[in-house]
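Chain by chain, the residues run as shown.
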Amino acid sequence: MKNRTKKVVAKAMREEAEEELCKIGENSNTVFRIVKTMRKEGRDEDGGRYMRGSDGRSSFSEKDRGGVWKEHMERIMNEENDWDQVTDAAMLEGPVEMVRQEEVVNALRDMKTGKASLKSVWR
């Protein structure tokens, strides 16, 4: 039953597309109308069809959806977060090694005037 239904629907769609092609040949402005419609449909599918705001209403237009996003972002950015005011953290790495004078001298010797040597950077 499903296969037969799919075949009938596909045949009907093919016939409709052929009729549209014949109409396009008669009137060139139809092409522009079809392309414009396809662009609008693609944008709606990519961006979503609607958004539900905090008041529960659905917003369908692009402008209204932008307002819903703005309201949402303002709400989450202005929320107070609970934290214990502790800023101390465990050390992730060991202590920083001391830079010896001879390392600096060697690096300066390898440098050209106005340029840093890649060799001295990766040492």
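Here goes a summary of the coordinates provided. (Residues numbered from 1 in each chain as written. Predicted model: local features only at pLDDT ≥ 70, side-chain atom pairs only at ≥ 80, totals over all residues. Heavy atoms only, no water.)

**Concerning the pattern of salt bridges**
The full count for this structure, using the stated rule, is two salt bridges. Note that R57 and D55 form a salt bridge whose closest N and O atoms lie 3.0 Å from each other. Of the two residues examined, R57 and D55, each falls in the exposed class. The salt bridge partner of R100 is E103, with a shortest N-O separation of 3.3 Å. (Salt bridge = Lys/Arg side-chain N within 4 Å of Asp/Glu carboxyl O. Buried < 20%, exposed > 50% of the residue type's maximum accessible area, 1.4 Å probe, protein only.)

**Observations concerning a nonpolar patch on the surface**
Nonpolar side chains collect at one region of the surface, where W69, M73, I76 and M77 lie side by side and expose about 430 Å² of accessible area between them. Its place among the elements puts M73 in helix α3 (residues 62–77). (Patch = residues over 30% accessible without salt bridge, like charges linked within 9 Å, V, L, I, M, F, W, Y side chains within 5 Å. Areas by Shrake-Rupley, 256 points an atom, 1.4 Å probe, with all protein chains shown as cover. Helix = DSSP H or I, 4+ residues; strand = E, 2+ residues; numbered from the N terminus.)

**Remarks on the environment of R52**
Inspection of the secondary structure assignment puts R52 in strand β1 (residues 51–52). Placed twelve residues apart in sequence, R52 and D64 show a C-alpha to C-alpha distance of 10.0 Å. Residue contacts for R52: discarding those within four places in its chain leaves R57, S58 and V68. Among the polar contacts made by the side chain of R52, one reaches the main-chain carbonyl oxygen of G56 at a distance of 3.3 Å. (Contact = heavy atoms within 4.5 Å. Polar contact = N/O pair within 3.5 Å; in protein donor to acceptor, adjacent residues only side chain to side chain.)

**What to know about a negative patch on the surface**
A cluster of acidic residues, E15, E16, E18 and E19, forms a negative patch at the surface. Following the sequence through the fold, E18 ends up in helix α1 (residues 2–26). (Lys, Arg positive; Asp, Glu negative; His and termini not counted. Charge placed at Lys NZ, Arg CZ, Asp CG, Glu CD.)

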